[in-house]
Structures are given as structure tokens and as C-alpha cells.
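# Residue-level structural notes
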Amino acid sequence: MSTLAAVMTDKGTGAIATIQLFGDSAEAVLKKIFKPTDAKPPTFRTGKILLGTINDGSETIDQVVIGCEAAESFAINCHGNPLIVEMIMELLRRCGAELVTAEQLLAKSLQAQQPVNTIAIEAKLMLPKTKTLAGAKIIANQIEAGLGKKVTEWLRDINTLSLKQIKAQAGQILNNSVPARLIIAGCKSAIIGPPNTGKSTLLNCLSGRQKAIVTDIKGTTRDWVSAQCQIPPLALELFDTAGLDERLAAASKDAIAKAAQRKSLEILEQADLVLLVLDNSQPVSQLNQQVVRRVAGKKVLTVLNKSDLPAVLDAADLPQVLPDTVKISAKFATGIEHLAEKIRQICGVDNFDLRQPVCFSSRQESLLRQLKKARSQFEASSIVTELLNGPID
Ligand SMILES: Nc1nc2c(ncn2[C@@H]2O[C@H](COP(=O)(O)OP(=O)(O)OP(=O)(O)O)[C@@H](O)[C@H]2O)c(=O)[nH]1
Ligand SMILES: [Mg+2]
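Heads up: these notes are all about the structure in this document. (Residues numbered from 1 in each chain as written. Chains lettered and ligands numbered in written order. Predicted model: local features only at pLDDT ≥ 70, side-chain atom pairs only at ≥ 80, totals over all residues. Heavy atoms only, no water.)

Regarding its fold elements, the chain presents 14 helices and 13 strands. Over its C-alpha trace the chain gives a radius of gyration of 27 Å, far above what one expects of a compact globule, namely 21 Å for 393 residues. For the chain, the C-alpha atoms occupy an extent of roughly 85 × 60 × 35 Å along the three principal directions. Counting across all 393 residues of the chain, residues that qualify as buried make up 49%. In the chain, once contacts between residues fewer than 6 apart in sequence are set aside, the share between residues at least 24 apart is 63%. Total accessible area on the chain stands at roughly 19,700 Å², and carbon and sulfur atoms take up 53% of it. Here the chain contributes 46 positive and 40 negative side-chain charges, whose respective centroids are spaced 3 Å apart. (Helix = DSSP H or I, 4+ residues; strand = E, 2+ residues; numbered from the N terminus. Rg over C-alpha atoms; globule rule 2.2 N^0.38 Å. Buried < 20%, exposed > 50% of the residue type's maximum accessible area, 1.4 Å probe, protein only. Contact = heavy atoms within 4.5 Å. Areas by Shrake-Rupley, 256 points an atom, 1.4 Å probe, with all protein chains shown as cover. Lys, Arg positive; Asp, Glu negative; His and termini not counted. Charge placed at Lys NZ, Arg CZ, Asp CG, Glu CD.)

Next up, the structure:
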């Protein structure tokens, strides 16, 4: 294996940056460029921390602290200035290291450990990408408990478990993985609805920031606006959109208004969750059929806004595809806790057990789908083996 170098820290975000050097000749590469402060020839014993400088010939680039993490695996901790990091990386490249991403280096170093536990590797690669603390806990739990434990049990008991049992358990894991994915990767939530119902007010209320413009003029929002909102265990990525009005869009000669309508529908299409905002002080006729058609089959909560005004809309008149409703006033921030509760229920994350087995990579998902269809114990056994020890995608 060649020697790999990767910047492990985000660009320009801290006073210190870490460059990882890993591979057959990592020590030899480091010896060429590192000069210890105590002037003695360095010994790169595992567990040692060395202070010194990185030098390009006679020129000193930076003072660094080297962590000797394992044989041929070193953490070079330098100053966080991206220019310094770039110079060290370029020097490492000239000394024979292959420059890779943090993820590639991590994958290679984990794969070098024996025996290969692919689920553990995938978990370690996934951990930094989780959007919530609960998501990080789910992933961490999949190594010793969760999916890792379940797969080990399947392998151990493959001759005593019935194929039917294994297939049912695989199906259950796939089902549990749907809400788990929303906790791990974040929940893309589209705020849609007719013009002037209070969509932008809701985005501002949920995010705690005045991000979107609010006026009493219909069609205020044109381009979409996004903001973050925490509804533990979920992290919502909210998208406020232009009010949907198919009659207006058809009649309008305004190219911007038409493009805004298209964009709203696109965001609706891609959303994990739809918050359909209606004005509770207006009749149900405000809801057009295009919206009803588009939300069918999606996770959708109908938010009856402006509940501080006299009610006109009767929730019983809403179509069957909109069974979940909540009354709020976005302007006065009332009913928000109830809205949060409803969101948790619709996303299936209320009382979600963070230790239960779930899959969190497309490789795992596709193998579990194959397992659900396995026709023999032998086939099941080979799928389960691949799940635990197979090559990473
Ligand atoms: N009484 C009352 N007024 C509200 C409430 N929420 C929003 N409004 C008002 O309704 C008007 C429209 O609010 P917006 O948030 O701009 O509505 P919108 O759905 O984003 O409108 P478009 O971007 O035009 O589609 C503003 O005057 C808001 O102050 C509410 O809960 N109660
Ligand atoms: Mg708006």
C-alpha cells in the first residue's frame, strides 16, 4: 500500500489542523521532513508525542506536534492556517505520499485492520456526518450492539434459526431504518401551501431567526429560503417556498413567478416531510387540487395557521390524504410544542430506541433486501457473511 496523507480537520475552522500520514513508508517520509526540537534523531515509537518542525530543505514551514498513533500511522498537528497546511501537504506529496481525502484515508486504515468488520468501518466513516447527537448514538450503537450484534448472532445461529425468522428480522431492520435515517441524516422539510398563509412566518418562528421576508402581500416569497431547526431527536432542514397557486401561475406572464412555482414543486418532491400551511381563518377552497395530488403518499402534516383569528376552515372538510392536522399561530408562536409532537409521530421517531439494529449505508440496505428474499439457509448465510465482512462500496 502506498503512503497516504490527508487533512483530517475542516479548512480554516481552528487554530490547529491535523494531517494524517498512513501507509508502508509513513515513517520514512516523516524522517525526511521532521526535525525534533531536542535535536536527537527521533524515535517514532507508538504512543509517543514529539515536538519539532517540518522542514523543506533548509526552510522551516511550521512548528508541529507529531502523534505516533500506530506503526506507520502519524498525526501531524500543525497551525490551522490553510496556507501552512497546503505547504505541508505539497511537501508530503513531493516526498512520495499520495494525497487523499480524510474519508479515503480512514477507510484504508480501517480496512488494514484484521479481521475486517465492514459494519464497524461504515459506522466510523458515518459518525462525523450525522446531523444530530441521537444520530451519532444510533451509529455508534451499531458496532457492538444494533446491526453488528444482530449479524453476528445470525452467523452464530444460522443452523438453528429458521429462514423465516431471519427474513422477518431483516424486514424489521429495514423498517426501523426509515426513521433512523431521518435522525441520522436530517429531515428535509418543505414548507408549502397557498400564498399568504404564513409559511415564511413559520420558518422564522421554528428557526428562531428572521430569515424570510414576511409581508401581507401575496407572493412575497419567490426564491426558497432555508433554515435549521432542532426537534429532538430530529434536525429539520426547513425550506420556505413560494406560495403555490396553479391558477395564478397559469395566468401569470411573470417568468419569475412561474419559475418560483416550479421550484416550490421541486422542493416538495424532494422533501422527507411536508408542512402544508393553510390559513385557518379562510375557507378550505384555498387548497388547490395540484397540491393535494403532489403530497399524496408523502409524510405530510397540515398546519392550520392563524389560529388566533376566528376559525373558518373546518378540518373535517380536508381530503383524506391529509389526516394529520395541527392548529398553531406562527405569528404568536402558539401550538408549536404540539406541532413538534406531531412531526415526531409522523416521522416515526417518538420513543425511538437508539440501540435497535438499523442499516445506514446503501450497501447494507441492498444486502438486507436480498436477505429478505433469500431462498435457502445457505444463501442467507453468504449474504450475512458479506454484510459483516464484505468489501465496502
Ligand atoms: N393573525 C396572524 N397573522 C399571521 C400569522 N402568521 C402569519 N401571519 C400574517 O400573514 C401575512 C403573510 O405571512 P407570510 O409569512 O409572509 O406568508 P407566506 O405564506 O410566506 O406568504 P407568501 O410568501 O406570499 O406565499 C403576514 O401579514 C403575517 O404577519 C398568524 O399566526 N396569525
Ligand atoms: Mg413567504
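Attention now goes to the pattern of salt bridges. This model, assessed by the stated rule, comprises 17 salt bridges. Of the charged contacts in the structure, one is a salt bridge between R222 and D254, with a shortest N-O distance of 3.0 Å. Taken as a pair, R222 in the loop between α8 (199–207) and β9 (225–231) and D254 in the loop between α9 (246–251) and α10 (255–270) lie far apart in primary sequence, 32 residues in all. The class for D254 is partly exposed, based on a relative accessible area of 28%. Note that E266 and K263 form a salt bridge whose closest N and O atoms lie 3.1 Å from each other. Of this pair, E266 and K263 are both found in helix α10, three residues apart, which corresponds to roughly one turn of the helix. Ionic contacts of the salt-bridge type, sharing partners, join the residues D56, E90, R93 and R94 into one network. (Salt bridge = Lys/Arg side-chain N within 4 Å of Asp/Glu carboxyl O.)

In this section: the state of the cysteines. All told, the structure shown has zero disulfides when counted by the stated rule. In this model C78 remains outside any disulfide bridge; the closest cysteine sulfur is found in C95, 15 Å from its own. For C78, a relative accessible area of 1% gives the class buried. The thiol sulfur of C205 is not disulfide-bonded, and the nearest other cysteine sulfur, from C229, lies at 8.8 Å. (Disulfide = S-S within 2.5 Å.)

What follows deals with the site of ligand 1. In the vicinity of ligand 1 there are 23 residues, among which K199, S200, T201, G219 and D308 approach most closely. Between an oxygen atom of ligand 1 and a main-chain N or O atom of T215, the distance comes to 3.3 Å. Between ligand 1 and T221 there is a distance of 2.9 Å, counted from an oxygen atom to a side-chain nitrogen or oxygen. Under a 2 Å grid-point criterion requiring more than half of the atoms, the pocket assigned to ligand 1 is the largest pocket. Broken down by element, the shell around ligand 1 gets its largest block of residues, three residues, from α8. Counted by class, the shell around ligand 1 contains five nonpolar, 12 polar and six charged residues. (Near = heavy atom within 4 Å. Polar contact = N/O pair within 3.5 Å; in protein donor to acceptor, adjacent residues only side chain to side chain. 1 Å grid on protein atoms, 1.4 Å probe; cavity = no way out; pocket = protein on both sides within 12 Å on 5 of 7 lines; lining within 4 Å. Sits in = over half its atoms within 2 Å of the grid points. Nonpolar A, V, L, I, M, F, W, Y, C, P; charged D, E, K, R; others polar.)

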